[in-house]
Amino acid sequence: MKFLSRFYIDGFILGIIIAGVLGSVFPVSGTAESILNWATKIAIGFLFLLYGARLSPQEAWKGVKHWRLHTVVLAATFVLFPLIGLALRFLSPTLISDDLYTGLLYMCLVPSTVQSSIAFTSIAKGNVAGAIVSASFSNLIGVFVTPLLVVLLMNTTGQATVDFSSILDIVVQLLIPFIVGQLIRPLVIGWLQKYAEPTKYVDRGSIILVVFAAFSESMKEGIWSTVTIWQIVILTIVCCLILALVLGVTAFAGRKLGFDLPDQIVIIFCGSKKSLATGLPMAAVLFAGQPVGLIVLPLMIFHQIQLIVCAAMAQRFANRDPVSVS
């Protein structure tokens, strides 16, 4: 990392890019895919076990009670993003196809990410307890709110139903490990404080693993072969503009509403994300009989952009001068 920094190259961002390239060039299938899926689940579960062990019960409870923070994050996810998606209707069909615009609007309706939002908040030294509650709550209610928004704002041929296994996944992969971490905290907190530097690579490693799995899945499904290079370029530009706008609004709102810096970090990182893990399975149900590959393409592009941009922002927050923000 120190060697790369001499050339102004962030090792974390480089790792994300390399993971995306490797996932595209060497997509896994069969037994290897099953192993990758299990490895990703285990990494995420271990990550949240560490979060639970690091946080004192008092900090966790404080995060639960911080309703103003969670309200702002939910407003960014389920109000600001949908309004932006609706405002982009003029792009279709002149600049992008109707299917791609459907995907762009759908991207704006899915819930926030959980794992990467919390990981970036942790790296940036933000309010991790608040991020865990905000991101998890967004994902939980998103299981209900996203299908409802799709029914209200979009035309779907399939019946919009809720996959309750998503709730079970959140409970098993995120909440249970976090609770276990809280229970074993008295036994491991000394070790975690002593080896705080090595354990931070669990945050970064889990994100890199998710990126590799996402690109591998996209190549296996042949999504990239269904669009032209110019459509991808236009989608990438639009996704960059959406992310820039949301990051600007969330940063401005956090300051103007009087939140301290750790809470501002939560609003920025939790309010600007869109979940690929939640959005992909929902799309398969909500858009049955439609070109799901095209519809989820904007979400996949946005997901990779948000990881790279937010990784750079998290590193910048982490390296800030404590005196300058005190």
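Residues numbered from 1 in each chain as written. Predicted model: local features only at pLDDT ≥ 70, side-chain atom pairs only at ≥ 80, totals over all residues. Heavy atoms only, no water.

Per an unreviewed UniProt entry, the recorded name for the chain is Bile acid:sodium symporter family protein, and the organism is Rhodococcus baikonurensis.

This next bit is on the overall build of the chain. Of regular secondary structure, the chain possesses 15 helices and zero strands. Relative to its 326 residues, the chain shows a buried fraction of 51%. Taking contacts inside the chain between residues at least 6 apart in sequence as the whole, the part at least 24 apart equals 85%. A total accessible area of about 15,300 Å² is found for the chain, and carbon and sulfur atoms account for 70% of it. (Helix = DSSP H or I, 4+ residues; strand = E, 2+ residues; numbered from the N terminus. Buried < 20%, exposed > 50% of the residue type's maximum accessible area, 1.4 Å probe, protein only. Contact = heavy atoms within 4.5 Å. Areas by Shrake-Rupley, 256 points an atom, 1.4 Å probe, with all protein chains shown as cover.)

With that settled, consider the UniProt feature "transmembrane region" (unreviewed entry) in the chain. Within the UniProt annotation, "transmembrane region" (unreviewed entry) is assigned to residues 7-29, 35-55, 67-88, 100-121, 128-150, 170-189 and 229-253. In the segment residues 67-88, helix accounts for 95% and strand for 0%; the C-alpha atoms at its two ends are 31 Å apart. A distance of 36 Å separates the end C-alpha atoms of residues 229-253, which is 100% helix and 0% strand. (UniProt positions renumbered as here; feature names shortened; annotations may be inferred.)

Next up on the list: the environment of Ser134. Of note, Ser134 is situated in helix H8 (residues 128-153). In the structure, Ser134 is positioned 68 residues away from His66 in sequence and 9.2 Å away in space, judged by C-alpha atoms. Among residues more than four places away in sequence, those in contact with Ser134 are Leu69, His70, Val73 and Val266.

Below, the discussion takes up the nonpolar core. With 64 residues, the main nonpolar core has Leu104, Tyr106, Ile242 and Phe269 as its most contacted residues. For this core, the leading source of residues is helix H14 (residues 292-318), giving 15 residues. Setting aside residues up to four positions removed in sequence, Leu104 forms contacts with Leu88, Leu91, Ile96, Leu235, Val238, Cys239, Ile242 and Pro298. Of all hydrophobic cores here, the second largest spans 20 residues; its members include Leu47, Tyr51, Val72 and Ile118. (Core = buried A, V, L, I, M, F, W, Y, C linked by side-chain atoms within 4.5 Å.)

A few words on the packing of aromatic side chains. On inspection of all chains with the given rule, the structure shows three aromatic pairs. Taking 6.0 Å as the distance between ring centres and 35° as the angle between the ring planes, the aromatic pair formed by Phe120 and Phe269 counts as tilted. Taken together, the residues span a long stretch of sequence, with Phe120 in helix H7 (residues 115-123) and Phe269 in helix H12 (residues 261-271) at a distance of 149 residues. Put simply, the rings of Phe120, Phe269 and Phe317 touch in pairs and so form one group of aromatic residues. Over the ring of Phe78 we find Lys274, and its NZ or CZ is 6.0 Å from the ring centre. (Phe/Tyr/Trp six-rings, centres within 6.5 Å; stacked < 30°, edge-to-face > 60°. Lys NZ or Arg CZ within 6 Å of the ring centre and 35° of its normal.)

To continue, consider the packing of H7 against H12. For any two helices packed against each other, one specifies the inter-axial angle together with the distance between the axes. At a minimum axis distance of 9 Å, the contact between H7 and H12 shows a crossing angle of 150°. When the axes of H7 and H12 are compared, the pair comes out roughly antiparallel. Crossing of H7 over H12 shows right-handed handedness. Taken together, the residues of H12 that come into contact with H7 (itself represented by Ser117, Phe120 and Thr121) are Ile265, Val266, Phe269 and Cys270. Across the contact of H7 with H12, the residue classes break down as five nonpolar, two polar and no charged. (Axes fitted to C-alpha atoms, helices over the stretch in contact; angles between N-to-C directions. Parallel < 35°, antiparallel > 145°, perpendicular 65-115°, else oblique. Left-handed = near helix turned anticlockwise from the far one by under 90°. Nonpolar A, V, L, I, M, F, W, Y, C, P; charged D, E, K, R; others polar.)

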